[in-house]
Every structure is written in structure tokens, then in C-alpha cells.
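Fold and contact review
Listed here are the chains, written in short residue letters.
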Amino acid sequence: MNITEEHVRFPSDNLSLEGILAYDENTMPSRAILLCPPHPTLGGDMENNIITSLAHVSANDGFLSLRFNYRGVGNSECGVKDIAEIFHYWEKTLSSENYADAVADVHSALNFLVKQSGRGAKIFIAGYSFGCIVGMRVAASDAVSAFASISTPFGKYDLGFLRECKKPKLFIYNQNDFATTVEDTLQGLEKIPLPITSELIENSDHFYRGKEDIVSSKVCHFFDGIRY
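To start, this report covers the structure provided alongside it. (Residues numbered from 1 in each chain as written. Predicted model: local features only at pLDDT ≥ 70, side-chain atom pairs only at ≥ 80, totals over all residues. Heavy atoms only, no water.)

Quick look at the pairing of strand β8 (residues 196-205)
One face of the sheet, then the other: side chains in a regular strand alternate in exactly this way. Under the convention used in this document: Pairing between two strands is assigned when DSSP locates at least 2 bridges connecting them. For the purposes of this entry, the term helix denotes a DSSP run of H or I that reaches at least four residues, the term strand denotes a run of E that reaches at least two, and both are numbered from the N terminus. We call a crossover right-handed when, viewed with the strands running away from us, the connection from the first strand over the helix to the second turns clockwise.
Note: strand β7 (residues 169-176) against β8, seven bridges, orientation parallel. Note on β8: the bridge partner recorded for Leu-170 is Thr-197. Between the parallel pair β7 and β8, the chain is carried across by helix α5 (residues 182-190), and the sense of this crossover is right-handed.

Here is the structure:
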């Protein structure tokens, strides 16, 4: 396979964000995945190990993917210019529900991805850590067929917006996650409506070092099974 990675830019509010489209140049993908990185103050950019693995594995599986940097990350523009101010701006979203700008960036990235996809293509979202929260916010209300949530930080954010979401959902978790606990994860899953698929990655932690492609393959397999 000849996997192409195409650097792109797209608007979000009055800003310009950077992203990378990944796809097999010999196919016309009929499925597309938006990949939402973790929090910017915790290694959250489009070169994160899980996000890049998802891009490469999904491209090999015939998907088109878009990974991107939130505003103020990498070469994505931000209304705040000073590096310290940008850090403080993002740090405030770690322990509050004030992450509307990140949700706006996900909306913008999704709109851009839809335009790059073939007519009638199925659209999915996969988020990792903080990317789960903003990704699910958008997936629950937009024209997305299903979503995958990796290391969801249960107990840190209000997930009430999922109470009426009947879309297929995949939750991948581990036993040694600093962002949540297995108990919080299992209790959180009980409050989310079906259909739900959950996958435990054993002998791993929040970063899934050495198991990135296992995680990515589970995500692609889940999306492969969505028939509507």
C-alpha cells in the first residue's frame, strides 16, 4: 500500500488550524475517521503515539483519516499569542467544563473531513483521553455513524450529553490509567445507553506503549462492523 499523508489547513472560528489527512492513494475511501488528540498540556498534539497509530492503521484498512492540532498547538493559530498564556488557557480546561473552543475545533475539523470524503461516506470519530470528551460531544449530535473512546477520563467531566445517544460506541480502557480508575470506568459505562462495546487492554496503562496498533486495530474492527 502507498499511504499518503497530506498536510492541510482549515478554518475554526477566525483561526487557521493544521491537520494531516492520511489515506491509501490507490483507493477511494468510503469511510473516514476524525482523530481527536489528548489534552494539549498532556502531550496532546496530532503526533501523539495513539493518534498516529490510528492514522496509519486505519489508512491500511481503507479509511481516510484527519488528525489535527487544537488552536494554539503546533502551527495551529490561537487568539492568545504568548506561550505561557496559551499554556494557562489550556490548563484551565483540565478541571472544568470550559472547553467550548476545543469542541468548536472538532466541529470545524469534522466539517473539513466531510468535504474531503466521498459522497455518502460513513464518518466516524475516535478520541483519546481529553479527545474522547470533545469528540463525543460532537459525535453525539452530528452526522457521525459511531465513535470510539480511548481512555475516557470518567469522573473528571460530565458525560450527561450521552444520555440520549443511541449511536454505536466503543470504549477502550486499561487497568493502570492515571486519568481514571477501572471502577469509575465501569460505573460510567453503566450510565451510558446501549449499544456499547468495551475492550480492556491488559498489562497496559494510559499511554499504551507498545500496544498502540492493538488499540488501533480494535477501533478499525469496530468501525468495520457498522453497517448503517
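Notes on a nonpolar patch on the surface
To keep things clear, this is the line we draw: Each patch groups residues whose relative accessible area exceeds 30% and which form no salt bridge, using 9 Å between like charges and 5 Å between nonpolar side chains of Val, Leu, Ile, Met, Phe, Trp and Tyr. Surface accessibility in these figures is a Shrake-Rupley result with a 1.4 Å probe; residues are shielded only by whichever protein chains are displayed. In what follows, salt bridge is the name for a side-chain nitrogen of Lys or Arg lying within 4 Å of a carboxyl oxygen of Asp or Glu. A simple rule labels every residue: compare its accessible area, found with a 1.4 Å probe on the protein chains alone, to the largest value its type can have, and call it buried under 20%, exposed over 50%, or partly exposed in between.
Taken together, the side chains of Leu-42, Leu-94, Phe-178 and Phe-207 define a hydrophobic patch exposed on the protein surface, amounting to about 360 Å² of accessible area. In this fold, Phe-178 is placed in the loop between β7 and α5. By relative accessible area, which is 51% here, Phe-178 ends up exposed.

So, the side chain of Thr-152
Here is the rule we go by: As used in this structure description, the phrase polar contact means that two N or O atoms lie within 3.5 Å; if the pair is within protein, one of them must be able to donate a hydrogen and the other to accept it, and residues adjacent in sequence are counted only when both atoms belong to side chains.
Inspection of the secondary structure assignment puts Thr-152 in the loop between β6 (146-150) and β7. Engagement of the side chain of Thr-152 in a polar contact is seen with the side chain of Ser-149, the distance being 2.5 Å.

So, the packing of aromatic side chains
Operational definition: Whether two aromatic rings pair depends on their centres lying within 6.5 Å, for rings of Phe, Tyr and Trp, where Trp uses its six-membered ring; planes under 30 degrees apart make the pair stacked, over 60 edge-to-face, and the rest tilted.
Considering all chains together, one arrives at 16 aromatic pairs under this definition. Pairing Trp-90 with Phe-130 gives two aromatic rings, centres 6.5 Å apart and planes at 85 degrees, and the pair type is edge-to-face. Taken together, the residues span a long stretch of sequence, with Trp-90 in helix α2 (residues 83-91) and Phe-130 in helix α4 (residues 130-139) at a distance of 40 residues. With respect to burial, Trp-90 and Phe-130 carry one shared label: buried. Pairing Phe-130 with Tyr-157 gives two aromatic rings, centres 6.1 Å apart and planes at 55 degrees, and the pair type is tilted. Of this pair, Phe-130 sits in helix α4 while Tyr-157 sits in the loop between β6 and β7, placing them 27 residues apart in sequence. The residues Phe-130 and Tyr-157 share a single accessibility class, namely buried.

Focus on the nonpolar core
Rules: Buried Ala, Val, Leu, Ile, Met, Phe, Trp, Tyr and Cys residues that are joined via side-chain atoms within 4.5 Å together make up what is termed a nonpolar core. Should any heavy atoms of two residues lie within 4.5 Å, those residues are considered in contact.
Formed by 45 residues in total, the largest nonpolar core has its most connected members in Leu-34, Leu-66, Tyr-70 and Met-136. Elements represented by at least two residues in this core include exactly β1 (3-12), β2 (15-24), β3 (31-36), β4 (64-68), α2, α3 (100-116), β5 (122-128) and α4. Those residues within four positions of Met-136 in sequence are excluded, and the remaining contacts are Phe-147, Ser-149, Thr-152, Leu-159, Phe-161, Leu-162 and Phe-171.

A short note on α2
Operational definition: Read the arc as the range of directions from the helix axis to the C-beta atoms.
Within α2 the residues assigned to the buried category are Ile-86, Tyr-89 and Trp-90. For α2, the angular spread of the buried residues around the axis is 90 degrees, confining them to a single face. Looking at the packing, one finds that the buried side of α2 touches α3 and α4.

Digging into the side chain of Arg-71
Structurally, the position occupied by Arg-71 is in the loop between β4 and α2. Within the local environment of Arg-71, its side chain forms a polar contact with the side chain of Ser-12, the two groups lying 3.4 Å apart. Of the polar contacts made by the side chain of Arg-71, one reaches the side chain of Asp-105; its length is 2.8 Å.

Points about the sheet that holds β3
The test is simple: For helices, the axis comes from a line fit to the C-alpha atoms of the stretch in contact; other axes are also lines fit to C-alpha atoms, and the angle between any two N-to-C directions lies between 0 and 180 degrees.
The eight strands are arranged β1-β2-β4-β3-β5-β6-β7-β8 in an open sheet whose pairing can be described as mixed. Of all strands in the sheet, those bounded by a partner on one side alone are β1 and β8. On average, each strand axis in the sheet is tilted by 20 degrees relative to the strand beside it, whichever way the strands run. As paired strands, β3 and β4 are joined by four bridges and run parallel to one another. Note that in β4 the partner of Ile-33 across the bridge is Ser-65. Contacts between α4 and the sheet are confined to β3, β5, β6 and β7, with β5 contributing the most and set at about 150 degrees to the helix.

Details of the packing of helix α1 (residues 49-60) against helix α6 (residues 212-224)
Counted only if it meets this: An angle below 35 degrees is treated as roughly parallel, one above 145 as roughly antiparallel, one from 65 to 115 as roughly perpendicular, and anything else as oblique. By the definition used in this description, the sense in which the near helix is turned from the far one sets the handedness, with an anticlockwise turn below a right angle giving left-handed and a clockwise turn giving right-handed.
Axis separation between α1 and α6 bottoms out at 9 Å; the angle between their running directions is 55 degrees. On the basis of the axis angle, α1 is oblique to α6. As for how α1 packs across α6, the hand of that crossing is right-handed. Of α6, the residues touching α1 (which contributes Asn-49, Ile-50, Ser-53, Leu-54, Val-57 and Ser-58) are Glu-212, Asp-213, Ser-216, Ser-217, Val-219 and Cys-220.

Looking at the packing of α3 against α4
Put simply, the rule is: Each residue gets one label: Ala, Val, Leu, Ile, Met, Phe, Trp, Tyr, Cys and Pro are nonpolar, Asp, Glu, Lys and Arg are charged, and the others, such as Gly, are polar.
The N-to-C vectors of α3 and α4 enclose an angle of 65 degrees; their axes lie 9 Å apart at closest approach. The crossing of α3 and α4 is right-handed. Mapping the contact onto sequence places Ala-102, Val-103, Val-106, His-107 and Leu-110 in α3 and Phe-130, Val-134, Gly-135, Arg-137 and Val-138 in α4. The residue inventory of the contact of α3 with α4, partitioned by class, reads seven nonpolar, two polar and one charged.

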